[in-house]
Amino acid sequence: MVVLNKLSRTTVLLLSLGLSWSPAFAASNDPAEEIFHIVNDYRYDPAGTGGDPDTGHTLCGTRCNALSADYLNYMEPGGWEILKVAADVEMTVPLNNPFMKGNCICIADEYLLRIDDLSRVHPVKSERARERSSEIAR
Amino acid sequence: MKFLLTVSLLLLSLTTALAAEPLPSAAEIQRLGERMYRDGLLPSGAVMKAFVSDDVPVDGTAFTCVSCHLRSGLGSIEGEVVTPPTNGRILYQERKPYVQGAIHVPLIHNYAVYLPERPAYTDQTLAALISAGIDPTGRSVLKAMPRYELDDRDMAIMIAYLKALSDQPSPGVGEHVIRFATVIVAGTDPVAVESMLLPLQFSVDRKNRLAAAAGANPRVARMGYNMLGDLQSYTFTLARWTLTGPPEGWRAQLDDYYRKEPVFALLGGISPGDWEPVHRFCEENRIPDLFPVVDYPVISDSDWYTLYFSRGIRQEGEAAARYLHGMADLIKDRAIVQVIRDTRRGRALADGFRAGWQATGHTPAIDVLLPAAEALTGERLQQIVAGHKPAVLLVWDDAASLPAIGALAGQPDRPGLVLASGNWFGQALWTVPEPLRELVYFTWPWRLPQEDARFDISVNKIFAGKSPAAYDPRIVRQSYTTGEVLGKALMEMRGEYHRDFLYDTIGMMTDMYYPLYERVSFGPGQRYAAKGCFIVQLGKGEKPQLERRSEWVMQ
């Protein structure tokens, strides 16, 4: 029974973590959260415009890399936590070039960035701390 | 047995030879020795002969001492690659695995841990090392270390040079004090000056408070020692050297200040225009200057003693050239026109673009110079566009040019894109009307504002109750970086307070992430820390953000 209880609590915990890590949740409007991407690859899609594939590929390199973050820019200031929420997401963006049309498909890992305010009392942690204190007291 | 005999014979011959040859004056030894050490050239001017991997002959100019042991000769530890110090003071001491009093100072202790024990060098054993790669224990050192073919006199000069190398602390370093100064050119905006000074003084005061606390409390002293080594007991001073009058008269003032109070290094410094005389003063006196706040740094591939944040205003023009290079095949034979305001800033942007564009082999852009006092009207700009039909229009002017650019928006023969300096537009950049935002691109030599806000938590500590609104936020962030880089470098210098070692140490630092610039990176001999610049556009909506259209550093 104790084992089952533990399992069910673990399941609930994993489910809740799974939900909180999903891209849908990550895209919430919480001002303390941001999404950023680290681009791994890219390709050019002429989208019927007849754009030159080689030139398009080069330009998509610049376009997609411009969307990519240097994660150390997030880590170094401190006070933030980073959660990887999706891998190899394909983002289609317009090439955005005045001389050539088409789209870029940027393939990126997606991260959720949120404030990790160390001075804030985290409710879950507090609850766990209380439980732990009770266990020790018993 | 044969090996030992060879070494003995070599030492015997060197002993005789080194003792016999008269040496030039100390100043001449310094000059000739430095040329051998840094340039791989013999006193005769000939190239030093060297051998690697036992017997592979190589050009001594390509395998110089300085390329591994660095200018200070104090060596380096990068990852697992350890280059031992090569200055006389350390070579002529025994190396032991245990360094008394330095167990908790990793950068001292690491040398002892990584490198084998050896007795102190003598002139003879050092000559054997340089010429045959054999250390005083008879071991052969790494094959990567070249063996140099020097005659007896040249060997004696080299050894005398190494004995003097980083032998005494640099000027400005006292028994328990390191003196710094900052240079302020009179006439600079007082807000800018205070914004430069505040973070520097904060760094100095913070260090001095630690030294005072360590002096009063043994526990703090121990903690400080574990963190900083002997640096914890040093105090810093920061003098303010104000330069007045025209730049031609600055050198005499600098010499006077320096004569009265020699300093280890200059920190920051600020000028609304010229910096060249300060740069030259530092070069000639071999005084480091860390990060002066200037828009027009001296651009040089070989000067050593001033470390700038970037290549200044012209870096934006260079970035524009790199960005357009990526789409050069699409521009083909169509013209690129630079409309250049005839001011120092306008010319610097245009020069940067010109140099970058021509370096990649493209047809030069057409330059249209606007007199400093002439307003750029919509009519004038349309005239320029109608005359040249450019694919790209670069407008190196301030935000007063915005209405004229706006007049192009509805024109059928408008250029494909207009590129301007976001830095020069200043706050007016945020007022670009929505219909124009698709056409206009900006150079942006900083991290994007919405992303740089994360660094506020670090920077704001320096205000200590003062209102941030009273300061220039960019200069505060620049000067904050100066304090941080200095602190990190001094911590890693492990008590060896030599000017060349300051830059050797900074050159070995990994890329750093400080406020304002997306990334600052160093490397041996690199003197412009922020090497990038974004190309951005203003996003849509009433409260638009800047959106990147390029990476930070474009190839």
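In what follows, the structure referred to is the one given above.
Keep in mind the model is a prediction, meaning the values are calculated, not measured.

### Digging into the overall build of chain B
If you tally the helices and strands in chain B, you get 22 helices and 17 strands. With respect to the principal axes defined by its C-alpha atoms, chain B has extents near 90 × 60 × 45 Å. Across the 555 residues that make up chain B, the buried fraction comes to 44%.

### Quick look at the overall build of chain A
Along chain A, the regular secondary structure elements total five helices and three strands. Counted from the first residue to the last, chain A has its helices and strands arranged as α-α-β-α-α-β-β-α. Here chain A holds 138 residues, and 18% of them are scored as buried. At a minimum sequence separation of 6, the contacts of chain A that also span at least 24 residues come to 73%.

### Focus: helix H21 (residues 473–492) of chain B
All names here are of chain B. In this model H21 runs 29 Å from its N-terminal to its C-terminal C-alpha over 20 residues, within 8% of the 28 Å that 1.5 Å per residue would give. Counting buried positions along H21 gives 14 out of 20 residues, so the element sits mostly inside the fold. Just downstream of H21 lies Arg494, where phi reads positive at about 40°.

### Considerations on the sheet that holds strand E7 (residues 235–243) of chain B
All names here are of chain B. Reading across the sheet, the five strands line up as E7-E6-E8-E9-E10 and stay open at both edges, with parallel pairing between neighbours. Strands at the two margins of the open sheet, each flanked by one partner only, are E7 and strand E10 (306–307). Pairing between strand E6 (residues 177–185) and strand E8 (residues 265–267): two bridges, direction parallel. Each bridged residue has a counterpart across the sheet, and for Phe180 the counterpart in E8 is Ala265.

### Here we look at the sheet that holds strand E15 (residues 440–444) of chain B
All names here are of chain B. Read across the sheet, seven strands follow the order E12-E11-E13-E14-E15-E16-E17 without closing on themselves; strand pairing throughout is mixed. Edge positions in the sheet fall to strand E12 (366–370) and strand E17 (546–548), since each has one partner strand and no second. Pairs of neighbouring strands in the sheet enclose a mean axial angle of 30°, with direction left out of account. Both strand E16 (residues 534–538) and E17 contribute to a ladder of three bridges, which runs antiparallel. Paired with Gln537 across the two strands is Glu547, which belongs to E17. Packed on one face of the sheet, helix H12 (residues 314–325) meets strand E13 (392–396), strand E14 (417–421), E15 and E16 and runs near 130° to E15.

### Here we look at the packing of helix H8 (residues 190–216) of chain B against H21(B)
Residues and elements named next belong to chain B. Here H8 crosses H21 at 25°, and the two axes come no closer than 8 Å. Considering the angle they form, H8 stands roughly parallel to H21. Between H8 and H21 the crossing geometry is right-handed. When H8 is examined against H21, the residues Ala192, Ser195, Met196, Leu198, Pro199, Leu200, Phe202 and Ser203 are found in contact with a partner set consisting of Ile475, Val476, Ser479, Tyr480, Thr482, Gly483, Leu486 and Gly487. In terms of residue class, the contact of H8 with H21 is built from ten nonpolar, six polar and no charged.

### Some words on the pairing of E6(B)
Residue and element names in this part refer to chain B. Within E6, seven of the nine residues are buried, which leaves it mostly tucked inside the rest of the structure. By the bridge criterion, nine bridges tie E6 to E7 in an arrangement that is parallel. Bridge pairing links Thr182 to Arg240 in E7.

### A look at the nonpolar core
Counting 159 residues, the largest nonpolar core has B:Met158, B:Ala265, B:Val339, B:Leu394 and B:Val418 as the members making the most contacts within it. Residues contacting B:Met158, with those up to four places away along its chain left out, are B:Gly33, B:Met36, B:Ile130 and B:Leu150.

### Here's the deal with the interface of chain A and chain B
At the junction of the two partners, chain A supplies 18 residues and chain B supplies 20 residues. With six residues, the top contributor of residues to the side of chain A that touches chain B is helix H3 (residues 53–67) of chain A. Residues that form the side of chain A that touches chain B fall into these classes: eight nonpolar, eight polar and two charged.

### Overview of the packing of H8(B) against helix H9 (residues 218–228) of chain B
Residues and elements named next belong to chain B. Following both chains from N to C, one finds H8 and H9 inclined at 130°, their axes separated by 5 Å at the closest point. When the axis of H8 is compared with that of H9, the two are oblique. When you trace H8 past H9, the crossing you get is left-handed. In this structure, H8 contributes Leu210, Ala213 and Ala214 to the contact, and H9 contributes Val220, Ala221 and Gly224. Looking at the contact of H8 with H9 residue by residue, the classes come out as five nonpolar, one polar and no charged.

### Some details on unusual backbone geometry
Residue and element names in this part refer to chain B. At Phe291, a position not held by glycine, the phi torsion is positive, near 60°. Note that Phe291 resides in the loop between strand E9 (289–290) and E10. Assessed through the 26 C-beta atoms surrounding it within 10 Å, Phe291 is described here as buried. Backbone geometry at Lys389 places phi at a positive 45°, although glycine is not the residue there. Looking at where Lys389 falls in the secondary structure, it is placed in the loop between helix H15 (378–388) and E13.

What counts, and where the lines are drawn
Residues numbered from 1 in each chain as written. Chains lettered and ligands numbered in written order. Predicted model: local features only at pLDDT ≥ 70, side-chain atom pairs only at ≥ 80, totals over all residues. Helix = DSSP H or I, 4+ residues; strand = E, 2+ residues; numbered from the N terminus. Buried ≥ 20, exposed ≤ 12 C-beta atoms within 10 Å, placed from the backbone. Contact = placed C-beta atoms within 7 Å. Expected span 1.5 Å × (residues − 1). Pairing = 2+ DSSP bridges. Axes fitted to C-alpha atoms, helices over the stretch in contact; angles between N-to-C directions. Parallel < 35°, antiparallel > 145°, perpendicular 65-115°, else oblique. Left-handed = near helix turned anticlockwise from the far one by under 90°. Nonpolar A, V, L, I, M, F, W, Y, C, P; charged D, E, K, R; others polar. Core = buried A, V, L, I, M, F, W, Y, C linked by C-beta atoms within 7 Å.

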